[in-house]
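# Understanding the architecture of this molecule
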Amino acid sequence: MNRKEAIAEYKNRKTPRGTFSVRFADDGPTWVDATPDLDAAKNRLLSTLRQGAHLNQDLQAEWNARGESRFRYEVLEKLDDDLVPMAWSDLLKDKRKEWLARLSAQPIYP
């Protein structure tokens with residue numbers, strides 16, 4: 001594959017959108033969020049936690065106490081790829097609320 005084809009493939013890739021949860025133990029607290037890019041959200045979350053700079057102090061405290069080896073990131077639900085941006089934006093907000101209630105979870109970003 002040449003450079004031009006690789007760039008075109010990258011631009012045309014499907015970005016996974018949806019909701020995800022974070023927890024450190026089966027019986028511990030759960031945090032939930034929704035995002036237009038699940039991969040980027042996971043990378044951003046891990047990066048800020050590793051740096052000790054996450055805005056959610058409770059989540060950062062759990063990370064500090066339990067460590068990365070206990071960290072679990074789980075995709076709860078993915079949205080269809082064919083949704084128009086206006087539709088998935090509203091749907092992500094609704095899905096976030098739904099999963100927060102369903103899991104009795106806390107929001108990652110209040």
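Here the structure is shown first, and the text comes after it.
Quick summary incoming for the structure in this document.

Rules and cut-offs
- Residues numbered from 1 in each chain as written.
- Predicted model: local features only at pLDDT ≥ 70, side-chain atom pairs only at ≥ 80, totals over all residues.
- Heavy atoms only, no water.
- Helix = DSSP H or I, 4+ residues; strand = E, 2+ residues; numbered from the N terminus.
- Expected span 1.5 Å × (residues − 1).
- Contact = heavy atoms within 4.5 Å.
- Phe/Tyr/Trp six-rings, centres within 6.5 Å; stacked < 30°, edge-to-face > 60°.
- Buried < 20%, exposed > 50% of the residue type's maximum accessible area, 1.4 Å probe, protein only.
- Lys NZ or Arg CZ within 6 Å of the ring centre and 35° of its normal.

## Quick notes on helix α4 (residues 85-102)
- For α4, with 18 residues, the first-to-last C-alpha span of 25 Å sits near the 26 Å given by 1.5 Å per residue.
- Buried residues along α4 sit in contact with β1 (18-23), β2 (30-35), β3 (72-78) and β4 (106-107).
- Phi turns positive one or two residues past the end of α4, at Ser104, with a value near 50°.

## Let's talk about the packing of aromatic side chains
- Applying the stated rule across the entire model yields 5 aromatic pairs.
- Plain terms: the ring middles of Phe24 and Phe71 are 5.7 Å apart, the flat faces sit at 65° to each other, and that makes the pair edge-to-face. Taken as a pair, Phe24 in the loop between β1 and β2 and Phe71 in the loop between α3 (57-66) and β3 lie far apart in primary sequence, 47 residues in all. The pair formed by Phe24 and Phe71 is uniform in burial state, with each residue classed as buried.
- Aromatic rings pair up to connect Phe24, Trp31, Trp63 and Phe71 into one cluster.
- Sitting over the face of the ring of Trp99, Arg102 holds its NZ or CZ atom 4.1 Å from the ring centroid.

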